[in-house]
Amino acid sequence: MKQLSEKEKLAWLRLARSENVGPMTFRDLLAQFCLPSEALKQINAMAKRGGRSSPVHITSEKEAMAELQKAGEMKAQLILSCEERYPARLKAIEDKPPVLAVKGHLSLFKERAVAMVGTRNASLNGKQIAARLSKELAQEGVVVVSGLARGIDAAAHEGVLSLGESPAMTIAVVGTGLDVVYPAENEKLAEKLGLSALIVSEFPFGTKPHPTNFPKRNRIISGLSQGVVVVEAQARSGSLITARLALEQGRDVFAVPGSPADPRSEGTNRLLKQGAFLVESVKDILDEIGNERALEFSDTIDESEFEAEPLRIDEKMLDEVRETVLKNLSVQTTSIDSLIEECSLPTPLVNVVLTELELAGRIQRFAGNKVSLIPMI
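These numbers come from a predicted model, not from an experiment.

### Some details on the packing of helix H1 (residues 6-17) against helix H4 (residues 61-73)
1) Next: Two numbers describe how H1 lies on H4: the axes approach to 9 Å, and their chain directions differ by 100°. Between H1 and H4, the angle is such that the two are roughly perpendicular. Seen from H1, the contacting residues are Leu 10, Leu 13, Arg 14 and Arg 17; seen from H4, they are Glu 61, Ala 64, Met 65, Glu 67 and Leu 68.
2) Next: Of the residues in the contact of H1 with H4, the class split is five nonpolar, no polar and four charged.

In structure tokens form, the structure reads like this:
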């Protein structure tokens with residue numbers, strides 16, 4: 001089993017933080033070049049083949065060291081997906097973050113876990129339900145994962161914290177850097193979570209809130225959990241995105257029913273119609289997730305991260321695949337699996353082409369192994 005040197009771990013962080021390197025492209029670069037240091041050398045050549053004219057910003061050693069220093073100043077840690085400390089459940093999803101910034105009690109990653117999500121514009125009743133369910137789950141030894149947003153998320157975290165235990169059985173996954181609290185009204189809550197529970201982010205320090213960040217963080221909320229409980233959600237809601245991601249990741253989806261007269265119950269009631277587990281009490285959740293704990297941390301690197309040797313590329317065939325892929329992609333999302341199957345394309349070469357295109361800033365990737373072209377302005 002391959003182990004990474006400290007130099008390669010720094011290269012791992014540099015690669016993950018470089019421009020246009022998303023989780024799937026990070027994975028494909030490692031598959032092609034084996035080591036992050038080798039992948040860094042090839043980024044600009046690949047971006048050029050993908051149609052980019054200017055150089056990609058590659059994170060320097062100085063920038064990576066500054067991020068490590070910032071983590072130390074905040075009493076936080078950076079965890080690479082190849083390390084034993086990385087949460088086992090999250091490691092199993094295809095678009096796992098290559099780097100996690102964490103602050104608090106890492107032991108919470110090992111426990112049973114359930115996500116609690118819902119609308120920011122929650123009713124008093126919805127917040128009380130979320131707090132009660134979360135408190136009762138924590139009393140049963142189940143970690144409650146949520147997103148530190150106002151409304152249902154905050155109520156879930158606060159329900160656990162009300163027990164006054166340390167570590168508090170809750171994890172907050174944020175859509176900003178660890179040093180940026182959003183919304184600002186949750187600053188004291190974030191401080192408590194960092195001390196007695198656990199806060200997680202895939203974003204670099206200093207990252208401000210942006211609408212695209214929150215759907216990304218939702219896959220981590222569901223990925224850390226055995227199931228997702230939706231308390232209140234409108235018909236178009238980020239919580240429903242989390243529920244969809246949970247299904248794609250093979251997690252259970254639960255919903256608390258609500259009044260048909262309240263638009264905040266439209267999403268949850270729809271989930272129940274679609275087969276989500278009905279939640280009337282914490283027993284409904286516990287009965288489904290069982291008593292099984294998460295896999296223990298591995299003390300070795302996942303072999304699937306690396307190939308034995310760099311991928312050998314037939315350049316002529318690669319040109320043909322590139323032409324076919326570009327002809328079949330559009331600004332509408334396309335399933336990569338369908339593209340490969342319907343066009344009879346070799347998967348490794350499709351991954352190379354998609355890596356080139358993402359590095360060039362020409363495509364956007366989505367959960368569920370989907371992709372779309374970015375419209376040219």
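So that's the structure; there's more coming.
### Overview of the sheet that holds strand E10 (residues 334-335)
1) Next: Ordered by their spatial adjacency, three strands build an open sheet running E10-E12-E11, and the pairing between neighbours is antiparallel. Both outer strands of the open sheet, E10 and strand E11 (363-366), are each paired with one neighbouring strand and no more.
2) Next: Relative to strand E12 (residues 370-373), E10 runs antiparallel, the two being bridged by two bridges. Each residue of the ladder has a partner; that of Ser 335, found in E12, is Lys 370.
3) Next: Packed on one face of the sheet, helix H15 (residues 347-359) meets E11 and E12 and runs near 115° to E11.

### Here we look at helix H8 (residues 187-196)
1) Next: Of all the positions in H8, only Leu 189, Ala 190, Leu 193, Gly 194 and Ser 196 are classed as buried.
2) Next: In this structure, the buried side of H8 is in contact with strand E2 (99-104), helix H7 (152-161), strand E5 (170-173) and strand E6 (198-201).

### Concerning the nonpolar core
1) Next: Within the largest apolar cluster, 112 residues are counted, with the highest numbers of intra-cluster contacts made by Phe 109, Met 116, Leu 137, Val 145, Ile 171, Val 229 and Val 325.
2) Next: For this core, the element with the highest residue contribution is H15, accounting for seven residues.
3) Next: Those residues in contact with Leu 137, other than ones at most four positions away along the chain, are Val 114, Met 116, Val 142, Val 144, Val 282, Ile 285 and Leu 286.

### Concerning the confidence of the model for the chain
1) Next: In this model, the chain carries an average pLDDT of 92, and 94% of its residues clear a pLDDT of 70 or more.
2) Next: For residues 297-301, every residue scores under 50 in pLDDT, and the model assigns this stretch 19 contacts once sequence neighbours within four places are set aside.

### A short note on the packing of aromatic side chains
1) Next: Overall, the coordinates contain three aromatic pairs when judged by the stated rule.
2) Next: For the ring pair Tyr 182 and Phe 214, a centre distance of 5.8 Å and an interplane angle of 45° mean the geometry is tilted. Residue Tyr 182 is located in the loop between E5 and H8, and its partner Phe 214 is located in helix H9 (residues 213-223); the two are separated by 32 residues in the primary sequence.
3) Next: Tyr 182 sits in the partly exposed class, given a relative accessible area of 38%.
4) Next: A relative accessible area of 14% places Phe 214 in the buried class.

### Notes on the side chain of Glu 8
1) Next: Positionally, Glu 8 belongs in helix H1.
2) Next: The side chain of Glu 8 sits in the buried core without any salt bridge; Lys 7 is the nearest counter-charge, 6.6 Å away.
3) Next: Among the polar contacts listed, one links the side chain of Glu 8 to the side chain of Ser 37, at a separation of 2.5 Å.
4) Next: When near neighbours in sequence (up to four residues on either side) are disregarded, Glu 8 contacts Leu 35, Pro 36 and Ser 37.

### As for the environment of Arg 312
1) Next: Looking at where Arg 312 falls in the secondary structure, it is placed in the loop between helix H12 (282-289) and helix H13 (315-328).
2) Next: Classification of Arg 312 as exposed rests on a relative accessible area of 70%.
3) Next: Here the alpha-carbon distance between Arg 312 and Phe 33, two residues 279 residues apart in the chain, equals 9.6 Å.

### Notes on the pairing of E11
1) Next: Going residue by residue along E11, you find Ile 363 and Arg 365 tucked away on one face and Gln 364 and Phe 366 left uncovered on the opposite face.
2) Next: Across four bridges, the pairing between E11 and E12 is antiparallel. Bridging across to E12, Phe 366 finds its partner in Lys 370.
3) Next: The hairpin formed by E11 and E12 contains three residues between the paired strands, and Gly 368 there has a positive phi angle of roughly 80°.

Cut-offs used in this document
- Residues numbered from 1 in each chain as written.
- Predicted model: local features only at pLDDT ≥ 70, side-chain atom pairs only at ≥ 80, totals over all residues.
- Heavy atoms only, no water.
- Axes fitted to C-alpha atoms, helices over the stretch in contact; angles between N-to-C directions.
- Helix = DSSP H or I, 4+ residues; strand = E, 2+ residues; numbered from the N terminus.
- Parallel < 35°, antiparallel > 145°, perpendicular 65-115°, else oblique.
- Contact = heavy atoms within 4.5 Å.
- Nonpolar A, V, L, I, M, F, W, Y, C, P; charged D, E, K, R; others polar.
- Pairing = 2+ DSSP bridges.
- Buried < 20%, exposed > 50% of the residue type's maximum accessible area, 1.4 Å probe, protein only.
- Core = buried A, V, L, I, M, F, W, Y, C linked by side-chain atoms within 4.5 Å.
- pLDDT = per-residue confidence, 0-100.
- Phe/Tyr/Trp six-rings, centres within 6.5 Å; stacked < 30°, edge-to-face > 60°.
- Lys, Arg positive; Asp, Glu negative; His and termini not counted.
- Salt bridge = Lys/Arg side-chain N within 4 Å of Asp/Glu carboxyl O.
- Polar contact = N/O pair within 3.5 Å; in protein donor to acceptor, adjacent residues only side chain to side chain.

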